[in-house]
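# Breakdown of the fold
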Amino acid sequence: MIEKPKFEARFLLPKYWLTWLGVGLLYFISWLPYKWQLALGRGLGKLFYKFVPKRADIARRNLELCFPDKSSDEIEALVRKNMENTGIAFFETGMAWWWPDWRIRRKLHVHGVEHLHAPLQEGKGVLLLLFHFLSLEVHARLHGFVQPAVGLYRPHNNAVMEYLQTRGRGRSNKYMIPRTDVRSMKQAIDQGEIAGYLPDQDYGRRRTVFAPFFAVPEASTTTGTLLFASSKNCAVLPTTCFRREDGSGYDMTFYPQFENFPTGDDVADVTRVNQMVEYAINQRPEQYLWVHRRFKTRPSETDRDLYRRD
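In this numbering scheme, every chain counts its residues from 1 along its sequence in written order. Confidence filtering applies because this is a predicted model: local features only for residues at pLDDT of at least 70, side-chain atom pairs given and counted only at 80 or more, and all residues used for totals across whole chains, interfaces and linings. Computation of side-chain values: all heavy atoms of the structure, hydrogens and water removed.

An unreviewed UniProt entry lists the protein chain under the name Lipid A biosynthesis acyltransferase, with Pseudidiomarina insulisalsae as the source organism. You can read under Catalytic activity (unreviewed entry) in the UniProt record for the protein chain the words "an alpha-Kdo-(2->4)-alpha-Kdo-(2->6)-lipid IVA + a fatty acyl-[ACP] = an alpha-Kdo-(2->4)-alpha-Kdo-(2->6)-(acyl)-lipid IVA + holo-[ACP]". UniProt positions are given in the numbering used here, feature names are shortened, and annotations may be inferred rather than shown by experiment.

Okay, structure coming up:
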C-alpha cells in the first residue's frame, strides 16, 4: 500500500524549480472556466500535432494498423482530433488533482451503476477494467464519488511529481498498490475491494500472450487480468469514461460483469478483453491514447517492426 507522501524540504531545491513553475501554471489554469480549458487544450493539441511529429506519427500508425479500411484522409482527420484531445488531457490532470469535490462532481453522469453494485452486494471484490482513454485522470477521480477504489501504481521518477500525483490520485479513492505487488492486489480483491486495472497496453513479453486486436492478428496482451480474475471472490467488470462533446461533463458507464471468466484458455480470455477494449474505442476513437506503441512487441524478435515504414 502506498501512503500519501508528505512534503519534504528537498522539494524546494533548485533542480525542482522548473517543475514547480509548470505545476503552478497548470494549477492557475485549472481554476479557469471548464470550457476555456477545453479550448486551451485543443489549441495545445494543435501545437502537439505540428511540433511533436513523432507522437503524431505513432498515433497515425496505430490507427492505420487498427483501421485498414479507413482512407488516409480519414486517418489524418482522426490524428488531428486525437492530438487535440491529448492537449485537453493535459489540463484535465489539473482538474482531477485540484478541483474541489463540488466542482468536479457536477460534471459526472453515471450509467449502469447497478452492474457495479451487484457483485459488491454479494460480498465479492471487483477487478475493474479501465482503459487508456485520455480522460483517465478524471475517470479515477470521478469513480471515487461512485464507490472509492484501490489501484495499481507506477511511481514517478520526479520526486515532486510523485508527491503531487500520489496526493492528487488519492483525492476521492482509497489507496494505491505498487504495480509489482501482485499479492496485495489479490488480497484487496479477496477482501471485497474494487481494484482498478488497465489491460490494454503492450507490456512486453512477460505475462503476455499474443491475441487479435482490431486488424492486428497477434498483439501482445497481458495475462495479468487473468491472474487477478482467478481470485475466488472476484467479479470482472469493465468501465469507461468519455468526455461529452458539448462540454457538459463526462459519461461514466459500468458494463455487465464477465460471466465464466477466466475459462483457462488464456488466448480466448484475453481476446475477450481485447474485444471489450475495441468496443470502447469504437465509441470514442478520438479520445483514446493512440500515442502508445501498442504493437511494439512482436511474436518473434525477428518479426518486422510494425512502426517501420520502409
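## Section: the overall build of the protein chain
Across its full length, the protein chain holds 11 helices and 9 strands. Expected size for 310 residues packed as a compact globule is a radius of gyration near 19 Å; at 20 Å, the protein chain falls within 12% of this value. Referenced to the eigenvectors of the C-alpha coordinate spread, the extents of the protein chain come out at roughly 50 × 50 × 40 Å. Accessibility here uses a 1.4 Å probe with only protein chains present; expressed as a share of the type maximum, an area under 20% marks a residue as buried, one over 50% as exposed, and anything in between as partly exposed. The 310 residues of the protein chain split such that 53% are buried. Contacts: residue pairs with any heavy atoms within 4.5 Å of one another. Within the protein chain, residue pairs in contact and separated by at least 24 positions form 76% of the contacts whose partners lie at least 6 positions apart. To measure how exposed things are, a 1.4 Å probe is used in the Shrake-Rupley method; for residues, cover is taken only from the protein chains shown. Counting only carbon and sulfur atoms, one obtains 54% of the accessible surface of the protein chain, whose full area is about 15,300 Å². When charges are counted, Lys and Arg are positive and Asp and Glu negative, with His and the chain ends excluded. To locate a charge, take NZ of a lysine, CZ of an arginine, CG of an aspartate or CD of a glutamate. Where the 44 positive side-chain charges of the protein chain centre and where its 34 negative ones centre are 7 Å apart. A run of H or I in DSSP counts as a helix once it spans at least four residues, and a run of E counts as a strand once it spans at least two, with each numbered from the N terminus. Atoms counted for the radius of gyration: C-alpha only. Globule rule: 2.2 Å times the number of residues to the power 0.38.

## Things to note about the UniProt feature "transmembrane region" (unreviewed entry) in the protein chain
In the numbering used here, UniProt assigns the feature "transmembrane region" (unreviewed entry) to residues 16-34. Here residues 16-34 runs as 74% helix and 0% strand, with 29 Å between its end C-alpha atoms.

## Topic: the side chain of Q201
With respect to the element layout, Q201 can be found in the loop between β5 (194-197) and β6 (208-213). Residue classification places Q201 among the buried residues on the basis of a relative accessible area of 14%. If we ignore the near neighbours within four places in the chain, the residues touching Q201 are H132, S220, L289, H292 and R294.

## A closer look at the sheet that holds β5
The pairing criterion is simple: DSSP has to find at least two bridges between the two strands. Taken together, 7 strands build an open sheet; the order of strands is β1-β9-β8-β2-β5-β3-β4 and the sheet is mixed. Both outer strands of the open sheet, β1 (108-111) and β4 (176-178), are each paired with one neighbouring strand and no more. Neighbour-to-neighbour, the strand axes of the sheet open up by a mean angle of 30 degrees, direction not taken into account. All axes here are fitted lines through C-alpha atoms, helices being fitted over the stretch that makes contact, and every angle between N-to-C directions spans 0 to 180 degrees. Along the sheet, helix α8 (residues 159-169) makes contact with β3 (150-153) and β4, crossing β3 at roughly 160 degrees.

## Considering the UniProt feature "short sequence motif: HXXXXD motif" (unreviewed entry) in the protein chain
Here the UniProt-annotated "short sequence motif: HXXXXD motif" (unreviewed entry) positions come out as residues 132-137. Structurally, residues 132-137 is divided into 33% helix and 0% strand, and its ends, taken at the C-alpha atoms, are 10 Å apart.

## Regarding the environment of V236
With respect to the helices and strands, the residue V236 is situated in strand β8 (residues 234-243). Between the C-alpha atoms of V236 and L128, which are 108 residues apart in sequence, the distance is 6.1 Å.

## What to know about the environment of F28
With respect to the helices and strands, F28 occurs in helix α1 (residues 17-29). By relative accessible area, which is 58% here, F28 ends up exposed. The spacing of F28 and S300 is 272 residues in sequence and 48 Å in space, taken between C-alpha atoms.

## What about the pattern of salt bridges?
The term salt bridge refers to a pairing of a side-chain nitrogen on Lys or Arg with a carboxyl oxygen on Asp or Glu at a separation within 4 Å. Under the criterion given, the structure shown has 12 salt bridges. Between E8 and R10 there is a salt bridge, with the nearest N and O atoms lying 2.6 Å from each other. A relative accessible area of 34% means that E8 is categorised as partly exposed. Among the salt bridges present, the one from E137 reaches R169, with a minimum N-O distance of 2.7 Å. Separated by 32 residues along the polypeptide, E137 in helix α7 (residues 136-146) and R169 in helix α8 bring together distant segments of the chain.

## Here we look at the nonpolar core
Nonpolar core, defined: a set of buried Ala, Val, Leu, Ile, Met, Phe, Trp, Tyr and Cys residues in which side-chain atoms within 4.5 Å join the residues together. Formed by 52 residues in total, the largest nonpolar core has its most connected members in L127, L129, F213, V236, I281, W290 and F295. Once residues within four sequence positions are removed from consideration, I281 is found in contact with F67, F133, F213, F214, Y288 and W290. Among the nonpolar cores identified, the runner-up in size contains 36 residues, and V23, Y34, F91 and M95 belong to it.

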